[in-house]
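Next come the chains, spelled out residue by residue.
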Amino acid sequence: MNFIAAGIIMMAAVIGAGFGMCYATSKAVDAAARQPEAASRIQTILLLGCALAESTAIYAFVVSLILATAG
């Protein structure tokens, strides 16, 4: 039963992080196209946001490993 819960956690986290990063990237490209002079600032904010979205997937991976190995 723990393996099923771990799989569901990973699936939800990876899908959520993937959609979040895709949405952020599309909005950053749109913003950079509208204001090319602000592209470097937009890129910095985008990288920070993608790192935070990816960290949620890593936290979910850790939780799923704990669930899979627990009792």
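This text gives an overview of the structure that appears in the document.

Quick notes on the rules
- Residues numbered from 1 in each chain as written.
- Predicted model: local features only at pLDDT ≥ 70, side-chain atom pairs only at ≥ 80, totals over all residues.
- Heavy atoms only, no water.
- Helix = DSSP H or I, 4+ residues; strand = E, 2+ residues; numbered from the N terminus.
- Rg over C-alpha atoms; globule rule 2.2 N^0.38 Å.
- Buried < 20%, exposed > 50% of the residue type's maximum accessible area, 1.4 Å probe, protein only.
- Contact = heavy atoms within 4.5 Å.
- Areas by Shrake-Rupley, 256 points an atom, 1.4 Å probe, with all protein chains shown as cover.
- Axes fitted to C-alpha atoms, helices over the stretch in contact; angles between N-to-C directions.
- Parallel < 35°, antiparallel > 145°, perpendicular 65-115°, else oblique.
- Nonpolar A, V, L, I, M, F, W, Y, C, P; charged D, E, K, R; others polar.
- Patch = residues over 30% accessible without salt bridge, like charges linked within 9 Å, V, L, I, M, F, W, Y side chains within 5 Å.
- Salt bridge = Lys/Arg side-chain N within 4 Å of Asp/Glu carboxyl O.
- Expected span 1.5 Å × (residues − 1).

## Focus on the overall build of the protein
1) Next: Within the protein one finds two helices and zero strands.
2) Next: Its C-alpha atoms give the protein a radius of gyration of 16 Å, clearly above 11 Å, the size a compact globule of 71 residues would have.
3) Next: Principal axes of the C-alpha set define a box for the protein whose edges measure 55 × 15 × 5 Å.
4) Next: Here the protein, with 71 residues, has 17% of them falling under the buried criterion.
5) Next: Taking the contacts inside the protein whose residues are at least 6 apart along the sequence as the reference set, 78% of them involve residues at least 24 apart.
6) Next: Summed over all atoms, the accessible surface of the protein reaches about 5,200 Å², with 75% contributed by carbon and sulfur.

## Quick word on the packing of helix H1 (residues 2-34) against helix H2 (residues 39-69)
1) Next: At a minimum axis separation of 8 Å, H1 and H2 run at an interaxial angle of 175°. Of the possible angle classes, the one that applies to H1 and H2 is roughly antiparallel.
2) Next: In the contact of H1 with H2, the residues fall into 23 nonpolar, four polar and one charged.

## So, a nonpolar patch on the surface
1) Next: Among the surface-exposed residues, Ile58, Phe61, Val62, Leu65 and Ile66 lie close enough to one another that they form a single nonpolar patch of about 450 Å² accessible area.
2) Next: Take Leu65: it is sitting in helix H2.

## Here's the deal with the pattern of salt bridges
1) Next: For the coordinates displayed, the defined rule picks out one salt bridge.
2) Next: With a shortest N-O distance of 3.6 Å, Arg34 and Asp30 are connected by a salt bridge. Remark: Asp30 and Arg34 occur in helix H1; sequence separation between them is four residues, near one turn of the helix.
3) Next: With a relative accessible area of 67%, Arg34 lands in the exposed category.

## Structural notes on the environment of Gly7
1) Next: By the secondary structure assignment, Gly7 is in helix H1.
2) Next: Classification of Gly7 as partly exposed rests on a relative accessible area of 40%.
3) Next: Taking the C-alpha atoms as reference points, Gly7 and Leu67, 60 residues apart in sequence, are found 9.7 Å from one another.

## Examining H2
1) Next: Spanning 31 residues, H2 covers 45 Å between terminal C-alpha atoms, matching the ideal 45 Å at 1.5 Å per step.
2) Next: Looking only at H2, the buried set comprises Ile42, Leu46, Cys50, Ala53, Ser55, Ala57, Ala60 and Ser64.

## A few points about the environment of Ala13
1) Next: Structurally, Ala13 is set in helix H1.
2) Next: Considered as a pair, Ala13 and Ala57 are 44 residues apart in the sequence and their alpha carbons are 5.2 Å apart.
3) Next: For Ala13, the contacting residues outside a window of four places in its chain are Thr56, Ala57 and Ala60.

## Considering the environment of Cys22
1) Next: Summarising the element assignment, Cys22 is placed in helix H1.
2) Next: A sequence separation of 27 residues divides Cys22 from Gly49, and the C-alpha atoms of the two residues are 11 Å apart.

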